[in-house]
Amino acid sequence: MFDTLSDRLGGVFDKLRGRGALREQDVRDAMREVRIALLEADVALPVVRRFIDEVTEQAVGHAVLKSVTPGQQVVKIVNDALVEMLGGENVPGLDLNAAPPVVIMMVGLQGSGKTTTTAKLAKLLKEKHGKKALMASLDVNRPAAQEQLKVLGEQVGVATLPIIPGQAPVDIATRALQAAKLQAIDVLLLDTAGRLHVDDALMAEMKAVEAISSPREVLLVVDSLTGQDAVNVAQSFAGQVGLTGVVLTRMDGDARGGAALSMRAVTGKPIKFAGT
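What counts, and where the lines are drawn
Residues numbered from 1 in each chain as written. Predicted model: local features only at pLDDT ≥ 70, side-chain atom pairs only at ≥ 80, totals over all residues. Heavy atoms only, no water. Helix = DSSP H or I, 4+ residues; strand = E, 2+ residues; numbered from the N terminus. Buried < 20%, exposed > 50% of the residue type's maximum accessible area, 1.4 Å probe, protein only. Contact = heavy atoms within 4.5 Å. Areas by Shrake-Rupley, 256 points an atom, 1.4 Å probe, with all protein chains shown as cover. Lys, Arg positive; Asp, Glu negative; His and termini not counted. Charge placed at Lys NZ, Arg CZ, Asp CG, Glu CD. Salt bridge = Lys/Arg side-chain N within 4 Å of Asp/Glu carboxyl O. Expected span 1.5 Å × (residues − 1).

(A) Molecular detail of the overall build of the protein. Looking only at helices and strands, one finds 11 helices and seven strands in the protein. Along the first, second and third principal axes, the C-alpha atoms of the protein reach 70 × 35 × 30 Å. Looking at the 276 residues of the protein, the share that counts as buried comes to 49%. Sequence-distant contacts in the protein: of pairs separated by 6 or more residues, those separated by 24 or more amount to 78%. Summed over all atoms, the accessible surface of the protein reaches about 13000 Å², with 51% contributed by carbon and sulfur. Both charge centroids of the protein, one from 31 positive and one from 32 negative side chains, sit 2 Å from each other.

The structure is reproduced here in structure tokens:
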């Protein structure tokens, strides 16, 4: 996914490394190429602007341009800034450090892969962590959404909350919590409804579910093909619920890496999982 971006940046860096002395204009020309490479990789414009401004300020400093290897110094500054943009340190996966049932709430737009990701996480919890999991679909809008989770649950060998037609999402979440406690469930995964766009009804529903379930993790599931619009999606959700991390889906598609770089920069939250 990052191959094209890596190739573009590699070309810029090779030119810098090959120079002896560097002028400020050389650095600014290189940063212009870095800016174009990031934009072509679908990194959101506000993120690119902030990144380029911060890196340029450091790179045109007197200490850098007068150093023995100015080209190497500039490359290091850009590299360190990219690592920082993606989060710097490695973050452990799920935080399960709470009294069971630990609640994981999945949020995101319709079509981002929430339901499939919920089942994948349940499978991971069961097989890698030895946890007893329960999945509950709170999506009463999308046709057959609850049935989809039930089928996936059967495929991965994880229980799903029985479907009662006509129940509201908050009532389903309440019933799921009661069932999890009665069945000594370790982790309860709540698959919330998405919409084709962010709207007030979606946000109100999510906030109500969050209020009654007190989730340990609130994971924003984003299709990595979202590109530039990823920032709008991230800002909308981050402003309404207590996000703890991001899951990027379809990482094996023809995405160009921009969503990954944008997500971390906008939400300040780690990318905890990548799905294919």
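(B) Local environment of the pattern of salt bridges. Per the counting criterion, the structure on display carries nine salt bridges. For Lys150, the salt bridge goes to Glu154, with nearest N and O atoms at 3.3 Å. With Lys150 and Glu154 both in helix α7 (residues 145-156) and four residues apart, this pair spans about one turn of that helix. For Glu154, a relative accessible area of 56% gives the class exposed. Residues Arg250 and Asp223 are paired through a salt bridge, measuring 3.1 Å at the closest nitrogen-oxygen approach. With Arg250 in the loop between β6 (245-249) and α11 (258-267) and Asp223 in strand β5 (residues 217-223), this residue pair connects regions lying 27 residues apart in the sequence. The class of Arg250 is partly exposed, set by a relative accessible area of 40%.

(C) Molecular detail of helix α8 (residues 169-182). If you check α8, its first and last C-alpha atoms are 20 Å apart, about what 14 residues at 1.5 Å a residue would give, namely 20 Å. Where α8 is concerned, the buried positions are Pro169, Ile172, Ala173, Arg175, Ala176, Leu177, Ala179 and Ala180. On its buried face, α8 sits against β1 (102-107), β2 (133-137), α7, β4 (187-191) and α9 (200-213). Looking one or two residues past α8, Ala184 carries a phi angle of roughly 55°, positive in sign.

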